[in-house]
Amino acid sequence: MAASRLTVETPRKVPMEQVVMKHRRTTLERAEKFISNLYFTDVNLYGRLYPKQCEASMITHWAAPLNVYTSYEEAVKQKFAPVEVGQSFGPTWGTHWFHVTVNVPLEWIGEEVRLRWNSSSEALVWVNGQPRQGLCSEYERFDFPLTDNLQKEKCSFSVYIEMACNGMFGAGDNGMIAPPKLDKTFTLNFCQVAVFNRKAYNLLREVELLHDIAKHMPEGSERGYQALYTVNDMINNCDVNDTSSYERCHQISAKFFKQRNGDSQHTTYAMGHAHIDTAWLWPYSETIRKCARSWSCTIRLMEKYPNFTFTCSQAQQYEWIKERYPSLYEDIKKFVKEGRFIPVGGTWVEMDGLIPSGEAFIRQFLYGQKFFEKEFGMTCKEFWLPDTFGYSGQLPQIMRHCGITRFLTQKMSWNLVNKFPHHTFYWEGIDNSKVLAHFPSGDTYEMKGNVQEVLRTAKNFQDKGRSDKTAFLFGFGDGGNGPSEDMIERLDRIKDVDGLPRVKMSTPDEFFTAIENEDSSKLCRWAGELYLEMHNGTYTTHAKVKKMNRKCELLLQHVEFLSCVAMATKSSVYPSVELNRLWKLLLLNQFHDVLPGSSIGMVYEDAHKYYNSIMESGSNLLAQASTNIFLKPCDESDKSLVIWNTVSWDRSEVISVQGQDESESPNKRRKTDTNVNVPQQIDKKGNKLYYVKVPSYGMSDLVNSCIRDINPWSVNAENMDDGVIMIKNDQIEACIDKYGRITKLLVNGSNKNMISSDYPANQFILYDDIPLYWDAWDVMDYHLETRKPVMKLLKPAEIEDNGPLRVTVMVSLEISKESQIEQTIILDVASPYIKFDTKVKWFENRKFLKVEFPTSMHTREATYDIQFGHIRRPNHQNTSWDTARYEVCGHKWTDISEYGFGVAVLNDSKYGHSAVDNILRLSLLRSSKAPDRNADMGEHEFTYGLMPHTGTFQEAGVIKQGYCLNSPLNTQYEHYDSNIVAPSSYFTLDSSQVVLDTVKKSEDNDDTIILRLYESFGGSCCCTISTVLSFSSVQICNGLEQTTEDDTFDIKTTGDKITFNIKPFQILTLKIKLN
Ligand SMILES: [Zn+2]
C-alpha cells in the first residue's frame, strides 16, 4: 500500500476577490440614504455635518408693538426678558426681538462654528447694529456663521435676532393662497451653537451631484453609470467617523469631475436671483424686511465667493433699503460697482404687463432708470419681468424708447393650453420694434443649482441648432433669502463636467451679448402680444384698484399739462417733487400682484391709502395750477366758470355743473354775460347742464364755450308700446326695453340695426366662476358654459330727464338677494354714444358679472385699445391659440366692425373683454375669495358706453371718444383774467391720427417741456402741431428724455408750428425749449 502524502497549502498573498454587484436601483438609493437628512443620520454622512452642538447660553426677548415698525436702535433700548427654546411667539405679522448670547466651549478652538436658529419663521440677524444675514425656516436656512476658525480670545458672541411672525408666503390659513390666519404663533424650535464640519459638507456635495447625475442622465447614458459607480466606490471607501477617509473619496470623485466637455456643449449662464414680490401674501412693509434679509444673505455670499453674481430688479426695493438699512445699501453699492450685484429691469417695480397705460409704462422705466443712474451711475440694458401675467404688444417699442433692447421673462411656461414655441427669439411689437427675448428654459426663476435643473434647462430649450445658450436664475424668492451656499457650491463643481451642460457664472449683459454676437441672425420672431393662457381673471379682480389706477394715471397727466401751462406762462413753479412722489406711489401699486388683484386684503388697505393720497394731492395740484394761470391782478368780481379740455381733440360736450351757481352771483358776472348764466337744462338732480365747445389741450370760459344754437340737434326720449323707450339725437337712435336693454340701435342716415335681431344689447350676464386653484387669478374657459342673463326687474326703465341737452333713463335689476344693479342710461345732444352710469351692490361668491352687446356685425376679428395703439384678436375659435384667448385685456374701448359699419364699447375703468362671433362682452365684477376673502364685496360705480358708427372705428372717432369718456371736461371757478383769450388751445394737431398723450415738464430742465405723441390709427401720416407757447427749439428724445440722433426722422419748425412724419403706432417724444 502506497503511503499517502499530506500536503499543507500556504495561504494566498492576494486579497480575496472583491464582490462586485450590479443593480442600478439599490446603488442609487444607497447613495441617496448616505446623504439623507431623514434616514440613517446616526450612521450616514449627513449626520456628521454638525458633530458638536450645545445650547445658546442665554436668550432674552422683547415683543415689539404690533403694526408699528421698530428700528434696531429703538428695539435694543427696550427691556428684554429671558425666554426658552420651545416657546411660541405671535400673533401673525408681529415682530419679536431676541438677544442671543453664546459662550462657545474652549475645546472647539480651531473649528468652524455656527449659530443655528429655527423660529419657524423668517428672521434677521443683527451684529453690532448692522443687519448681517436673513434666516428662513421654510428652506432650512438656519445657520449664521459665527467664525471660520474659533480663537481662544474670541469664544463669546452676542447677536440680536429680529423675528417676523410670518412665513415665506405670509400666513395663509390652511393653504398657501388662503387669506392669512391672524392668530398664528411661531415656535422657537432650536437655538444652538454647532461645529460645522466643512470636510463632511464638501464630500456631501460631491455625493449629491454624482447621485443626481446617475439618476437624471437619460436612461442608458454611459456617463450616468460612470457617476453611479463612482459614488458607490466613494461610499465603500468612506468611514464617516474618520474624516481622513474623506480624502480617499475626493480622489475617486475627482477622476469623474475632471473629465471635461467637448466644444459643442450647451452653456447655461447662471445668475443669482431672488424674486421678491413687492407685496402679495404679505404687505408692502414686510417686503422691505424681506429685501433686507435676502440681500444681506447675498452680500455675505459675495464676500465669500468672488465669482458669484446676483441680478436684482425694482428700483423701489433699492430705495426702501437705502432709507432703512443704509449700511446694507453701502455694501450693495460696493458690489454694484464690481459688476456682481447687478441692477436689472430698469423699472420702478416689476409691474403688471397689460393694465398700466402707455405713459405709466414709460414712467416705470423713466423713474427706474433715473434711480439706477443716480445711485449707481448705470442704466439697465434688460427689461426683467419674470413673473407677470401677459405682456402688451406695445412693450417692445416702449422698451426701445427707454434704451432697452433685451427682455427676460419666464411666466409664459405657465400657458395652460399651448406651449410657447421659443425660448430665445426676437419679439416684435405692434409697430415692428424688435427686442431680443429670452425665457429661461428650466421653466423657473428659482433654481436650486442642481443637476436635474441644469439638464432640464438644456433639454427643454426650443431653439437648439440656432443657439446654444440659456439663462439659469438660481435663488429662493419671496423671503427664502435668494441664492444659498449650497447652490453656489453645486454650480461651481459642475461648471465643466463631461455630459452636463457647461455652467458659467455670468451676468445678463454677458449672456445677451453672446447671443447677439453669435446667434442673432438665426433666431425666430414672434409678432404682437405675449398672451399668457392663464390668470386672465386678473383683468377684472379688485375692480376698485383698476378704477383708481385709471383715474390716477389720467389725473397726474392732467396735472402735468396744466402745470406746464402755468410754468410756461410764468404763473407758477412746476410741482416736480410732489408729482414725482405721486407717480411713484401709483407705479408702486402697479406691481404684478397688486394691480392684478391677487394680493391679500391688507395690501389693498395700503394701495387705496396711496390712491387716495394721489387723488387728494393731485386734485389740489390741478386746481392750484388752474388758479395760478388765472390769478393775475384783476377785479375780484371777475369770476367765471373755466372749462379745461385735457385731450388732444377739440370737443363739444354737455357739462354738468353742481354747487356754486353763477346766476346767483350777480357781481361775479362778466359784462358780456347776457344769457349764459341761464342753464340750458336742469336735470332731475338739480345739476345745471350746458352744451360747450372747448379746443384741444385748451380752455374756455362758459361765455365763450357755450353753444346756444342747439335746436337742430336736440335730444329727446319718448315712451313707446310695451314699456319701450326710444331715445334719439342727431347722431343715433335707440330703443330701450323695460330691462334697460338696447333692442335697436341706428346711426343717423342709415337704417341698419347695429344690434343683433335675436338678442338685445346691454344684457347683464352672471357666470359661475370657480377656478381650478388660483382663485383671484383665474377664470377658466368653462365659465362660458354657465351663462345666466340677469332678468329680475326691481324698477323698469323710466325716463328721468328729457332734453334738450340730455335724456336719462333709469332702470334697476336684481342679481340675487344680496346684489343689485342700478343704471342710468344717458344720451347727450350730439353725442355719438349712449352712456351707462352703473352702480352695483355686489355680494357674491365665485360669480362673474359681465355685460354683453350682441351686434349685427359680420367679422372675423375684434379690435382692442392698448397702450399707445390697438391690437386685433380673432373672435372665433379655429385653433387652440384662438380658443385659449376667451378672456382678454383691453383698455378704453373695444370695437367690432364690418365694411362700412361698426360698434364700439367704451369704458372708464374696465380691462377684461371678450369677443365671440359678433358679441362683445365687457367683464365687470368677480368675487374670488382667496387670497382676499372680501375682494370686490361692496358697492361699485363705473361707466361704459355703446357707440355705433359708420366707416372704420378710426374715421368714426372711437379713439377720441375713448379719451373723452375717461377725461371729462374739467370745470373750475376762477378769477378770470380778461387778458387771457378764451377759447384758447395750447396744442392743436392737424391730424386726428396723431394723439398728443402727454405734456410734462422735462425731468432735468426747468425751461423745457416734453410732448409725447403717438400714431393711433396704424398708418403713416404727416402731422403739424401748433402751440401758443413760445419756444426756441424742438429736439427728438427718448422716453428717458435724452436727445437722440434719429436721422430717419425729419422734423421742421416754422413759427409756432412743428411738422413731422410719423409711422404706424410710433411713439414720439419731443423736447421743447420754451422762451
Ligand atoms: Zn411675482
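**With respect to the overall build of the protein chain**
Part 1 of the reasoning: In terms of regular secondary structure, the protein chain is built from 20 helices and 56 strands.
Part 2 of the reasoning: For the protein chain, the C-alpha radius of gyration of 34 Å lies close to 31 Å, the compact-globule estimate for 1075 residues.
Part 3 of the reasoning: The C-alpha extent of the protein chain, read off along each of the three principal axes, is 150 × 70 × 65 Å.
Part 4 of the reasoning: The buried share of the protein chain, taken over its 1075 residues, is 63%.
Part 5 of the reasoning: On the protein chain, roughly 41700 Å² of surface is accessible, and the fraction owed to carbon and sulfur atoms is 48%.

**Some details on the pattern of salt bridges**
Part 1 of the reasoning: If you walk through the whole model with that rule in mind, you get 69 salt bridges.
Part 2 of the reasoning: In this structure, Glu-516 and Arg-406 form a salt bridge, with 2.9 Å as the shortest nitrogen-oxygen distance. Of the two residues, Glu-516 is situated in helix H13 (residues 508-518) and Arg-406 in strand S17 (residues 406-408); the sequence distance between them amounts to 110 residues.
Part 3 of the reasoning: A salt bridge links Glu-653 to Arg-651, with the shortest nitrogen-to-oxygen separation between them at 2.9 Å.
Part 4 of the reasoning: Exposure remark for Arg-651: the relative accessible area of 1% places this residue in the buried category.
Part 5 of the reasoning: A single salt-bridge network, built from bridges that share partners, covers Glu-112, Arg-114, Arg-116, Asp-143, Arg-198, Lys-304 and Glu-485.

**Regarding the sheet that holds strand S44 (residues 912-916)**
Part 1 of the reasoning: Read across the open sheet, the six strands follow the order S33-S32-S38-S45-S44-S41; overall the sheet is antiparallel. In this open sheet, the two strands that pair with only one neighbour each are strand S33 (788-789) and strand S41 (888-889).

**Digging into the coordination of the zinc ion**
Part 1 of the reasoning: For the zinc ion, the full set of protein donor atoms is His-275 (NE2), Asp-277 (OD), Asp-387 (OD) and His-592 (NE2), at a range of 1.9 to 2.1 Å.
Part 2 of the reasoning: Linear spacing of the donor residues for the zinc ion on their chain is H-x1-D-x109-D-x204-H. One end of the pair, Asp-277, is in the loop between strand S13 (267-273) and helix H6 (284-304); the other, His-592, is in the loop between helix H15 (576-588) and helix H16 (601-630), with 315 residues separating them in the sequence.
Part 3 of the reasoning: Its relative accessible area of 0% is what places His-592 among the buried residues.

**Remarks on a nonpolar patch on the surface**
Part 1 of the reasoning: On the surface, Leu-38, Tyr-39, Phe-40 and Val-43 cluster together to form a nonpolar patch covering roughly 470 Å² of accessible area.
Part 2 of the reasoning: Within the fold, Tyr-39 resides in the loop between helix H1 (24-34) and strand S1 (53-55).
Part 3 of the reasoning: Look at Tyr-39 and you get partly exposed, because its relative accessible area is 46%.

**With respect to unusual backbone geometry**
Part 1 of the reasoning: Going from Gly-803 to Pro-804, the amide bond is cis rather than trans, its omega being 5°.
Part 2 of the reasoning: Mapped onto the fold, Pro-804 is located in the loop between strand S34 (792-802) and strand S35 (806-814).
Part 3 of the reasoning: With an omega of 5°, the peptide bond between Ala-930 and Pro-931 qualifies as cis.
Part 4 of the reasoning: In this fold, Pro-931 is placed in the loop between strand S45 (919-925) and strand S46 (938-950).
Part 5 of the reasoning: Residue Glu-1041 is not a glycine yet carries a positive backbone phi of 70°.
Part 6 of the reasoning: Mapped onto the fold, Glu-1041 is located in the loop between strand S53 (1031-1037) and strand S54 (1051-1054).

**Points about the sheet that holds strand S30 (residues 732-736)**
Part 1 of the reasoning: The strand order across the open sheet formed by four strands is S28-S29-S30-S31, and the pairing between neighbours is antiparallel. Looking along the sheet, the strands with just one partner apiece sit at the ends: strand S28 (716-719) and strand S31 (742-747). Looking at each pair of strands side by side, their axes are set apart by 15° on average, direction ignored.
Part 2 of the reasoning: Pairing of S30 with S31 involves five bridges; the strand directions are antiparallel. Looking across to S31, one finds that Ile-736 is bridged to Ile-742.

**With respect to the confidence of the model for the protein chain**
Part 1 of the reasoning: Looking at the protein chain, pLDDT values average 94 and 95% of them are 70 or higher.
Part 2 of the reasoning: Within the model, the stretch residues 663-674 combines pLDDT values under 50 with 19 contacts to residues more than four positions away or in other chains.

**Here's the deal with the side chain of Thr-230**
Part 1 of the reasoning: As for its placement among the helices and strands, Thr-230 is situated in helix H4 (residues 222-237).
Part 2 of the reasoning: At 2.6 Å, the side chain of Thr-230 and the backbone oxygen of Gln-226 are in polar contact.
Part 3 of the reasoning: Among all residues touching Thr-230, those that are not within four sequence positions of it are Leu-210, Ile-252, Ser-253 and Phe-256.

**Looking at the pairing of S44**
Part 1 of the reasoning: A large share of S44 lies buried, amounting to four of its five residues.
Part 2 of the reasoning: In this sheet, S44 lies alongside S41 in antiparallel orientation, the contact comprising two bridges. Among the inter-strand pairings, Cys-889 is bridged to a residue of S44, identified as Gly-912.
Part 3 of the reasoning: Pairing geometry for S44 and S45, over four bridges, is antiparallel. Note on S45: the bridge partner recorded for Val-916 is Ile-919.
Part 4 of the reasoning: Taking the residues that link successive antiparallel strands as the turn, the S44-S45 hairpin has two residues, and the phi of Asp-917 there is positive, at about 55°.

**What to know about the packing of aromatic side chains**
Part 1 of the reasoning: All told, the structure shown has 56 aromatic pairs when counted by the stated rule.
Part 2 of the reasoning: Arranged with centres 3.6 Å apart and planes meeting at 10°, the rings of Tyr-139 and Phe-476 form a pair that is stacked. Taken together, the residues span a long stretch of sequence, with Tyr-139 in the loop between strand S8 (130-136) and strand S9 (143-147) and Phe-476 in the loop between strand S20 (469-474) and helix H12 (485-493) at a distance of 337 residues.
Part 3 of the reasoning: Using a relative accessible area of 8% as the deciding quantity, one classes Phe-476 as buried.
Part 4 of the reasoning: Three or more aromatic residues joined by ring pairs form one cluster here, namely Trp-295, Phe-310, Tyr-318, Tyr-329, Phe-341, Trp-348, Phe-371, Phe-372 and Phe-376.

**A word on the environment of Pro-931**
Part 1 of the reasoning: For Pro-931, a relative accessible area of 1% corresponds to the buried category.
Part 2 of the reasoning: Note: C-alpha distance between Pro-931 and Ala-279 (652 residues apart in sequence) is 12 Å.
Part 3 of the reasoning: In contact with Pro-931, other than residues within four places in its own chain, are Ile-177, Ala-178, Pro-179, Pro-180, Leu-281, Ser-598, Ser-599, Ile-600, Ala-776 and Trp-777.

**What about the side chain of Glu-844?**
Part 1 of the reasoning: Checked against the element boundaries, Glu-844 lands in the loop between strand S37 (834-842) and strand S38 (847-854).
Part 2 of the reasoning: Notably, Glu-844 is buried but unbridged: the nearest opposite-charge side chain belongs to Lys-847, and the N-O separation is 6.1 Å.
Part 3 of the reasoning: One polar contact links Glu-844 to Ser-816, side chain to side chain, over a distance of 2.5 Å.
Part 4 of the reasoning: A distance of 2.6 Å separates polar atoms of two side chains, one belonging to Glu-844 and the other to Ser-819.
Part 5 of the reasoning: For Glu-844, the contacting residues outside a window of four places in its chain are Ser-816, Glu-818, Ser-819, Ser-927, Lys-929 and Met-937.

**Overview of helix H9 (residues 358-376)**
Since one α-helical turn is 3.6 residues long, residues separated by three or four positions face the same way.
Part 1 of the reasoning: When the terminal C-alpha atoms of H9 are compared, their 27 Å separation across 19 residues agrees well with the 27 Å that a helix rising 1.5 Å per residue should span.
Part 2 of the reasoning: In terms of residue burial, H9 counts as a mostly covered element, since 16 of its 19 residues are buried.
Part 3 of the reasoning: At the exit of H9 stands Gly-377, carrying a positive phi of roughly 65°.

**Digging into the nonpolar core**
Part 1 of the reasoning: Ranked by internal contacts, the top residues of the largest apolar core, which has 269 residues, are Phe-341, Phe-407, Leu-849 and Phe-987.
Part 2 of the reasoning: With 14 residues, helix H14 (residues 543-568) is the largest single contributor of residues to this core.
Part 3 of the reasoning: Apart from the residues within four sequence positions on either side, Phe-407 is in contact with Phe-383, Leu-385, Tyr-391, Met-399, Trp-427, Val-435, Leu-436, Ala-437, His-438, Phe-439, Phe-512 and Leu-530.
Part 4 of the reasoning: Formed by 30 residues, the second largest nonpolar core is a distinct cluster that contains Ile-59, Val-104, Trp-117 and Phe-157.

About the criteria used
- Residues numbered from 1 in each chain as written.
- Predicted model: local features only at pLDDT ≥ 70, side-chain atom pairs only at ≥ 80, totals over all residues.
- Heavy atoms only, no water.
- Helix = DSSP H or I, 4+ residues; strand = E, 2+ residues; numbered from the N terminus.
- Rg over C-alpha atoms; globule rule 2.2 N^0.38 Å.
- Buried < 20%, exposed > 50% of the residue type's maximum accessible area, 1.4 Å probe, protein only.
- Areas by Shrake-Rupley, 256 points an atom, 1.4 Å probe, with all protein chains shown as cover.
- Salt bridge = Lys/Arg side-chain N within 4 Å of Asp/Glu carboxyl O.
- Pairing = 2+ DSSP bridges.
- Donors = N, O, S within 2.8 Å, 3.2 Å for Na, K, Ca; no water.
- Patch = residues over 30% accessible without salt bridge, like charges linked within 9 Å, V, L, I, M, F, W, Y side chains within 5 Å.
- Axes fitted to C-alpha atoms, helices over the stretch in contact; angles between N-to-C directions.
- pLDDT = per-residue confidence, 0-100.
- Contact = heavy atoms within 4.5 Å.
- Polar contact = N/O pair within 3.5 Å; in protein donor to acceptor, adjacent residues only side chain to side chain.
- Phe/Tyr/Trp six-rings, centres within 6.5 Å; stacked < 30°, edge-to-face > 60°.
- Lys, Arg positive; Asp, Glu negative; His and termini not counted.
- Expected span 1.5 Å × (residues − 1).
- Core = buried A, V, L, I, M, F, W, Y, C linked by side-chain atoms within 4.5 Å.

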